Amino acid sequence: MFNEEFQLDAPIRWGMVGGGRGSEIGYSHRAAAQRDRLFTFVAAALDLDAERGRDFGTKLGLAPERCYPDYKTLFEEEAKREDGIQAVSIATPNSTHYEIAKAALEAGLHVICEKPATIHVEDALELKALAEKQNKMLAVMYGYTGFQMVHQAREMVRRGDIGAVRVIQMSFAHGFHNTEIEKNSPGAKWRMNPEVSGPSFIIGDCGTHPFYMAGMITGLKVKSLMCSRQSFIESRAPLEDNAHVVFQFEGGAVGTLWASAINSGSMHQQKVRIVGEKASLEWWDEYPNQLRYEVQGEPVRILERGMGYLHNDDPGVSANRQGGGHAEGFFESWANLYHRYALAIDAYNRNDKAFLESHWYPDIDGGIDGVKMVNACVKSADNGSVWVDYD
Ligand code: NAD
């Protein structure tokens, strides 16, 4: 059961870059970080438009002098204060993550960065090395991996309930961009621009989520992949709004990923199905409180969150905030992850390596993997859908 007792000496002073008024994901970061009182929101550079960012920041309760016009000023000015920020979340468009995360780490901050971590693999590797040098946490916001039933699936695979993994089916295929909505939506517009989005649209934007989740649940590493991608809205070319990827994993398992923004009528269709030699598991983010457990030759079982028959929920950060029967959702998943980030930051500050070794959170290794996957898909698809080695 979730422990809401305060486990740090003091809340972590926390800031944001991006996530301004009307942004898609800014509120989710603020809601999750402040949920358990482990982070206090004290400073930000929220918006490309400095004045709008300042106005929004003060209305969120920030002191006007701590609403900065840009991230450089934020890091410089906060470093001069005794009560300056200790951690920052980056919720800006993809192409800016690298330079902002680099500056934040150089300024001695712990960093929570949006996905995809960077555009280029080398940049993500450089950030990892910099975080290690600075002894700072570098997390990547794979926000769906805080759900209790995702952790249940991971534990069931680990303890052998489904046997060796044979097939992984992944999808994140929504219908929200089945017309050219970028004409009237700034948040969609940058996603279709390769200079801001990177070399891919939907594989990076959505495909990275179930890809990370499947790796987290199974621990399997990709050996090679083959990708076919299309731009059904032609003006989006070369960026794809639909893609299919086939994977070969080390050890013999195979898998597929369908990433799409033109799956008309679909809300999310983010599903991960893990097929083992004895049984299969399936999780769907639109029904996050349930996990399908299908044993060959037996009736399908629907496992429900918050129940005593689940594995012993991690006593460090239980994902079970309210007993079974009550629905938990997206914001709980995010809050569970921010809880984990807070404990990791505290351990970094205390140099508690033993804790960090046993404490799970979506870190930069998952970020690097996502960037590698995106780039390998583009290479495969743009060379006639050939198989490409992952590393
Ligand atoms: P958005 O366009 O809706 O909002 C971006 C915000 O960042 C805006 O407020 C903009 O003014 C601000 N901004 C842009 N450049 C800035 C800069 N240099 N300094 C300060 N502020 C700046 O974008 P979004 O949909 O919120 O996406 C932001 C990031 O979050 C993207 O990388 C996206 O992939 C990621 N994202 C992740 C999830 C998730 O589930 N983890 C969901 C949605 C988006």
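Residues numbered from 1 in each chain as written. Predicted model: local features only at pLDDT ≥ 70, side-chain atom pairs only at ≥ 80, totals over all residues. Heavy atoms only, no water.

### Remarks on unusual backbone geometry
The general pattern is negative phi for most residues beyond glycine and trans for most peptide bonds. Omega for the bond connecting Lys-115 with Pro-116 falls within 30 degrees of zero, at -15 degrees, which places this linkage in the cis form. Within the fold, Pro-116 resides in the loop between strand S4 (110-113) and helix H5 (121-134). That bond from Ala-237 to Pro-238 is cis: its omega, 10 degrees, falls within 30 degrees of zero. Note that Pro-238 resides in the loop between strand S7 (222-230) and strand S8 (242-249). Notably, Arg-37 is not glycine yet its phi reads approximately 65 degrees, a positive angle. (Helix = DSSP H or I, 4+ residues; strand = E, 2+ residues; numbered from the N terminus.)

### A short note on the domain arrangement of the chain
Interfaces are frequently sized by the accessible area removed from exposure as the parts join. Here the chain is partitioned into domain 1 (12-143 + 348-362) and domain 2 (148-323 + 369-383). Summarising the inter-unit geometry, the C-alpha centres of domain 1 and domain 2 are found 26 Å apart. Each partner contributes residues to the interface: domain 1 has 20 residues there, and domain 2 has 21 residues. For the pairing of domain 1 and domain 2, the buried interface totals around 1,600 Å² over both sides, and the portion due to carbon and sulfur atoms is 61%. At the boundary of domain 1 and domain 2, one finds three salt bridges. Lys-115 is paired through a salt bridge with Asp-205; the nearest N and O atoms lie 3.8 Å apart. In terms of residue class, the side of domain 1 that touches domain 2 is built from ten nonpolar, six polar and four charged. (Domains from an automatic or database assignment. Contact = heavy atoms within 4.5 Å. Buried area = accessible area lost by both parts, 1.4 Å probe. Salt bridge = Lys/Arg side-chain N within 4 Å of Asp/Glu carboxyl O. Nonpolar A, V, L, I, M, F, W, Y, C, P; charged D, E, K, R; others polar.)

### Quick notes on the pairing of S7
Taken together, the eight bridges between S7 and S8 define a ladder with antiparallel strand orientation. Looking across to S8, one finds that Arg-229 is bridged to Ala-243. Across two bridges, the pairing between S7 and strand S14 (residues 388-389) is antiparallel. Its bridge partner lying in S14, Leu-225 is registered against Val-388. (Pairing = 2+ DSSP bridges.)

### A closer look at the packing of helix H9 (residues 202-218) against helix H12 (residues 364-382)
Across the interface, H9 lies against H12 with an axial gap of 10 Å and an inter-helix angle of 125 degrees. The pairing of H9 with H12 is recorded here as oblique in orientation. For the crossing formed where H9 meets H12, the hand is right-handed. On H12, the residues that touch Ile-203, Gly-204, Gly-207, Thr-208, Phe-211 and Tyr-212 of H9 are Gly-366, Asp-369, Gly-370, Met-373, Val-374 and Cys-377. For the contact of H9 with H12, a count of residues per class yields six nonpolar, five polar and one charged. (Axes fitted to C-alpha atoms, helices over the stretch in contact; angles between N-to-C directions. Parallel < 35°, antiparallel > 145°, perpendicular 65-115°, else oblique. Left-handed = near helix turned anticlockwise from the far one by under 90°.)

### What to know about the UniProt feature "domain: Gfo/Idh/MocA-like oxidoreductase N-terminal" (unreviewed entry) in the chain
Mapped onto this numbering, the UniProt entry annotates "domain: Gfo/Idh/MocA-like oxidoreductase N-terminal" (unreviewed entry) at residues 12-141. Between the first and last C-alpha atoms of residues 12-141 the distance is 18 Å; the span itself is 41% helix and 20% strand. (UniProt positions renumbered as here; feature names shortened; annotations may be inferred.)

### A closer look at the packing of H5 against H12
A pair of packed helices is captured by two measures, namely the crossing angle of their axes and the spacing between those axes. The contact between H5 and H12 brings their axes to 9 Å, and the two run at 170 degrees. Looking at the two axes, H5 sits roughly antiparallel to H12. Residues Val-121, Ala-124, Leu-125 and Lys-128 of H5 pack against Ile-364, Asp-365, Ile-368, Val-371, Lys-372 and Asn-375 of H12. Tallied by class, the residues present in the contact of H5 with H12 amount to six nonpolar, one polar and three charged.

### Examining the site of the ligand
By nearness alone, 25 residues border the ligand, and Glu-24, Asn-94, Lys-115, Trp-190 and Arg-191 come closest of all. Here an oxygen atom of the ligand sits 2.9 Å away from a polar atom, N or O, in the side chain of Asp-47. The separation between an oxygen atom of the ligand and a polar main-chain atom of Lys-115 is 2.9 Å. For the shell around the ligand, the secondary structure elements donating two or more residues are strand S1 (12-18) and H9. For the shell around the ligand, a count of residues per class yields ten nonpolar, nine polar and six charged. Residue contributions to the shell around the ligand reach at least three from each of two domains, namely domain 1 (12-143 + 348-362) and domain 2 (148-323 + 369-383). (Near = heavy atom within 4 Å. Polar contact = N/O pair within 3.5 Å; in protein donor to acceptor, adjacent residues only side chain to side chain.)

### Side note on the pairing of strand S11 (residues 279-284)
Burial analysis of S11 places five of its six residues in the buried class, which makes it a mostly covered element. Note: strand S10 (residues 271-276) against S11, five bridges, orientation antiparallel. Note on S11: the bridge partner recorded for Lys-271 is Trp-284. Bridge count for S11 against strand S12 (residues 290-295) is four bridges, and the pairing is antiparallel. When the sheet's bridge partners are listed, Ser-280 is paired in S12 with Glu-294. (Buried < 20%, exposed > 50% of the residue type's maximum accessible area, 1.4 Å probe, protein only.)

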